[in-house]
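Residues per chain are reported as follows:
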Amino acid sequence: TSLPKEIKKLKGLLTLIVSENGLTSLPKEIGKLKNLRVLECEGNKLEALPEELSKLQNLEILRLGRNQIKDLSALKKMNNLVTLVVDNNRLRTLDDFDLGSKSRLITLSANNNEIVDAPSDIGKCTLLTEILLNKNNIEELPGEWGELKEKKVREIDLDDNPIKDSKIKKMMGKSDKFVKELLTYVRKNCKTGLAKKAGNAVKSSKKKKEESEDEDEEKEEKEEKKEETTGDAGKEEQEEQDGDVSETESELEERMSKMSKKEKEKFKRKLVEKQAEKARKVALEKRLKEDAENLKRMEELVISGAGNNDDGEDSDEPIDSDDEEALLARKQKQKQKSKPTFMYALTDEQRKEAEKAEAKRLFEKEKAEREAAEALKRKEEDAKNKAKDLNAVKLDGDAGKDGRYTWSYANGKFDRSVTKTPPKTEHTIEVVIPKLICGRLIGKGGATIKSVSERSKVVRVNIDETKGGAGNSLLVVQGSESAMESARMLFNNAM
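K.L.:
Just checking my understanding: could you explain the pattern of salt bridges for this structure?
P.N.:
When their charged atoms lie close together, side chains carrying opposite charge are able to pair. Under the counting rule described, the total for this entry stands at 14 salt bridges. For Arg 416, the salt bridge identified is with Glu 481, shortest N-O distance 2.6 Å. Here the residue Arg 416 occupies a position in strand β9 (residues 413-419), and Glu 481 occupies one in helix α11 (residues 481-494), the gap between them amounting to 65 residues. The exposure class assigned to Glu 481 is buried, which follows from its relative accessible area of 7%.

Structure below.
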């Protein structure tokens, strides 16, 4: 009746099918299967789902049909689901599933349950193509269903539900374009934000009558309040303009209780705006006061600095050259004169300009460092290439002991070989090839031979069709041995 706890060891498991096994529960250890993508557990006796299921964040397909499950709260955080099948269970609502967060959901099937409220957040599932909710207790469709796109949704099944709207009933039975017509109708005619019944039994006719009477009474009371408040509207606006924000909370509540819902919202909005305006005025006054104090302080410092200068003029008296202490004192005073006597405060514009200049300096510094690093890198690469070329020349010299490096063409490919025939030009090989393969070696618009030349870094590579004899051409390659060997392999790959 339950899976073994050792299932947690199957951490690499991708698919788990345990349908038709009489299971009464799923173990908590199932949450350890982090890589699970498909879980099928249909035709069992499950009444509840373990919370650990929410840890299976990679799960995409979940089939739990033909069980006795009453809620889907354990699946609330499984936002990567693509397919959910919960047919033939005892579900009364889908709200605990948090359908709005399942942005990847494509198929939702909850047939033959006890669902009373059609999920209002289904409009957020932009990829949804199948909505199967037949044989439930759904009476109304919320206006949020109009957010679904007709081009995406292929099928909506609401058969065998006590739908109240007669037009929707007619569509369900006859229309060939049911999905398009239903979504258009819901978008224009159904209300958004319907109250949730959450599985309550259908209300009796007596209770409905009482509710309708209560609604009529509420409408009459609202109309009376409107008439009362319209007469005082001018007074209230005048009071609001006078900035009467100093009322106590109890007085405000009493005042707002006499208003309609719209007037309350308007009053609250104006109250918030006035409070914000008052706060701005206080902040502005505070800033102006601080600026005035700073200006006054600077003026005092300037005056004190001028006084210091006046005092210094009297000190220019003849001093005995032998009096070292007097000379030192005069030097000290002259240093003090050269220093500024007050701090200069930057304006906002000057501060912004200084910040821009600093940012530009830092940018230029980073740019110079980056360019220096790139130059160093290029220098290192050039040094490596030079070393490689020197090594290639050395290899050519070593090869000369047993013979000269060359190619030979046979059986549709170029083979490496050695010859003792001296070359016409140093570091050059000449190979006679059939004219039939010239096109493959050259490529469309010379693309192949150009690519080989660039990638192998040979000095020169060309095909002379006037040489090589009847039916043949002459392939000439010049460069270091390592470059020519690279060109040989590239030509073989091209063929």
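K.L.:
Sorry if this is basic, but what is going on with a positive patch on the surface here?
P.N.:
A surface patch of positive charge is lined by Lys 5, Lys 8, Lys 9, Lys 11, Lys 28, Lys 32, Lys 34 and Lys 55. Positionally, Lys 11 belongs in the segment before β1 (15-17). Residue Lys 11 is classed as exposed on the basis of its relative accessible area, which comes to 55%.

K.L.:
Sorry, what's going on with the environment of Val 18 here?
P.N.:
Its location among the elements puts Val 18 in the loop between β1 and β2 (38-40). For the pair formed by Val 18 and Glu 42, sequence separation is 24 residues and the distance between their alpha carbons is 7.5 Å. Setting aside residues up to four positions removed in sequence, Val 18 forms contacts with Leu 3, Leu 23, Glu 40, Cys 41 and Asn 44.

K.L.:
What exactly am I supposed to notice about the nonpolar core here?
P.N.:
As a rule of thumb, soluble globular proteins bury nonpolar side chains together. Formed by 57 residues in total, the largest nonpolar core has its most connected members in Leu 72, Leu 75, Trp 145 and Ile 156. Secondary structure elements with two or more residues in this core: α1 (166-174) and α2 (178-189). Broken down by element, this core gets its largest block of residues, 6 residues, from α2. With residues near it in sequence (within four places) discarded, Ile 156 still touches Ile 131, Trp 145, Phe 178, Val 179, Leu 182 and Leu 183. Counting 21 residues, the second-largest nonpolar core is a separate cluster that includes Val 431, Ile 463, Leu 475 and Phe 491.

K.L.:
Got a minute to help me understand the sheet that holds strand β7 (residues 155-157) in this structure?
P.N.:
An order of β1-β2-β3-β4-β5-β6-β7 is seen for the 7 strands of this open sheet, with the pairing classed as parallel. Taken across any chain shown, the strands that pair with only one partner, and hence form the sheet edges, are β1 and β7. Each adjacent strand pair in this sheet contributes to an overall mean axis angle of 5°, direction not counted. Examined bridge by bridge, strand β6 (residues 130-132) and β7 share 3 bridges and lie parallel to one another. Within β7, the position partnered with Ile 131 by the bridge is Ile 156.

K.L.:
What exactly am I supposed to notice about the pairing of strand β11 (residues 460-464) here?
P.N.:
Successive residues of a regular strand alternate their side chains across the two faces of the sheet. Burial of β11 is one-sided: the residues Val 461 and Ile 463 facing one way are buried, the residues Arg 460, Asn 462 and Asp 464 facing the other way are not. With 5 bridges joining them, β11 and strand β12 (residues 472-478) adopt antiparallel strand pairing. Bridged to Ile 463 within β12 is Leu 475.

K.L.:
Help me out: how do you make sense of the packing of aromatic side chains in this one?
P.N.:
Both the distance between ring centres and the angle between the ring planes are used here to describe each pair of aromatic rings. Under the counting rule described, the total for this entry stands at 4 aromatic pairs. Aromatic side chains Trp 407 and Phe 491 sit 6.4 Å apart centroid to centroid with 75° between the ring planes, which places their arrangement in the edge-to-face category. Placement of the pair is Trp 407 in strand β8 (residues 404-410) and Phe 491 in helix α11, with a sequence separation of 84 residues. The pair Trp 407 / Phe 491 is uniform in exposure class, with both members buried. Measuring from centroid to centroid gives 6.2 Å for Phe 414 and Phe 491, while their planes differ by 50°, and the two rings are tilted.

K.L.:
It is not clear to me how unusual backbone geometry should be interpreted in this structure. Could you clarify?
P.N.:
As a rule of thumb, non-glycine residues mostly have phi less than zero, and peptide bonds are mostly trans rather than cis. The phi dihedral of Asn 88 falls on the positive side, at around 55°, and the residue is not glycine. With respect to the helices, strands and loops of the structure, Asn 88 is situated in the loop between β4 (83-85) and β5 (107-109). Owing to a relative accessible area of 33%, Asn 88 belongs among the partly exposed residues under this scheme.

K.L.:
Even after reading the chapter, I still don't get the environment of Thr 107, so can you show me in this structure?
P.N.:
Inspection of the secondary structure assignment puts Thr 107 in strand β5. We classify Thr 107 as buried; its relative accessible area is 14%. A C-alpha to C-alpha distance of 9.5 Å links Thr 107 and Ile 61, two positions 46 residues apart in sequence. Contacts of Thr 107, omitting those with residues within four sequence positions, involve Val 82, Thr 83, Leu 84, Leu 128 and Glu 130. In terms of polar contacts, Thr 107 uses its side chain to reach the side chain of Glu 130, at 3.0 Å.

K.L.:
Could you clarify how one ought to interpret α2 in this entry?
P.N.:
Three or four residues apart is the spacing at which side chains of an α-helix point the same way, because the helix has 3.6 residues per turn. Helix length check: α2, at 12 residues, gives a terminal C-alpha distance of 16 Å against a target of 16 Å (1.5 Å per residue), a fit within 8%. Residues Phe 178, Val 179, Leu 182, Leu 183, Tyr 185 and Val 186 constitute the buried set of α2. End-on view of α2: buried residues confined to an arc of 165°, all on one side of the axis. Of the residues in α2, the exposed ones pointing more than 90 degrees away from the buried face are Lys 180 and Lys 188.

Criteria and thresholds
Residues numbered from 1 in each chain as written. Predicted model: local features only at pLDDT ≥ 70, side-chain atom pairs only at ≥ 80, totals over all residues. Heavy atoms only, no water. Salt bridge = Lys/Arg side-chain N within 4 Å of Asp/Glu carboxyl O. Helix = DSSP H or I, 4+ residues; strand = E, 2+ residues; numbered from the N terminus. Buried < 20%, exposed > 50% of the residue type's maximum accessible area, 1.4 Å probe, protein only. Patch = residues over 30% accessible without salt bridge, like charges linked within 9 Å, V, L, I, M, F, W, Y side chains within 5 Å. Areas by Shrake-Rupley, 256 points an atom, 1.4 Å probe, with all protein chains shown as cover. Lys, Arg positive; Asp, Glu negative; His and termini not counted. Charge placed at Lys NZ, Arg CZ, Asp CG, Glu CD. Contact = heavy atoms within 4.5 Å. Core = buried A, V, L, I, M, F, W, Y, C linked by side-chain atoms within 4.5 Å. Pairing = 2+ DSSP bridges. Axes fitted to C-alpha atoms, helices over the stretch in contact; angles between N-to-C directions. Phe/Tyr/Trp six-rings, centres within 6.5 Å; stacked < 30°, edge-to-face > 60°. Polar contact = N/O pair within 3.5 Å; in protein donor to acceptor, adjacent residues only side chain to side chain. Expected span 1.5 Å × (residues − 1). Arc of directions from axis to C-beta.

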